[in-house]
Amino acid sequence: MSGLAFLIPIALGMGLVGLGAFFWAMRKGQFEDLDGAAQRILIEDEEDQA
């Protein structure tokens, strides 16, 4: 039982850190253009064909 008293606050803290990181990434615009990154992989640059 004392293990749960130790692990539950740690799990809640890690969850809050993850949630904070998610909101930080949203605020910085990391999720603005999801399709553009996927399509850039398929586009060949003319510079690389040399």
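Placed above this text is the structure.
Scope of this entry: the structure provided in the associated data block.

The rules behind these values
Residues numbered from 1 in each chain as written. Predicted model: local features only at pLDDT ≥ 70, side-chain atom pairs only at ≥ 80, totals over all residues. Heavy atoms only, no water. Helix = DSSP H or I, 4+ residues; strand = E, 2+ residues; numbered from the N terminus. Buried < 20%, exposed > 50% of the residue type's maximum accessible area, 1.4 Å probe, protein only. Areas by Shrake-Rupley, 256 points an atom, 1.4 Å probe, with all protein chains shown as cover. Patch = residues over 30% accessible without salt bridge, like charges linked within 9 Å, V, L, I, M, F, W, Y side chains within 5 Å. Salt bridge = Lys/Arg side-chain N within 4 Å of Asp/Glu carboxyl O.

1. Here's the deal with the overall build of the protein chain
On a plain count of helices and strands, the protein chain comes out with two helices and zero strands. A principal-axis box enclosing the C-alpha atoms of the protein chain has dimensions of 65 × 25 × 15 Å. Buried positions account for 4% of the 50 residues belonging to the protein chain. By element, 64% of the accessible surface of the protein chain is carried by carbon and sulfur atoms, the whole surface being about 4900 Å².

2. A word on a nonpolar patch on the surface
Together, Leu 16, Leu 19, Phe 22, Phe 23, Met 26, Phe 31 and Leu 34 give the surface a local cluster of nonpolar side chains, amounting to about 720 Å² of exposed area. You can see Leu 16 is positioned in helix 1 (residues 2-27).

The values are spatial; any link to function lies outside them.
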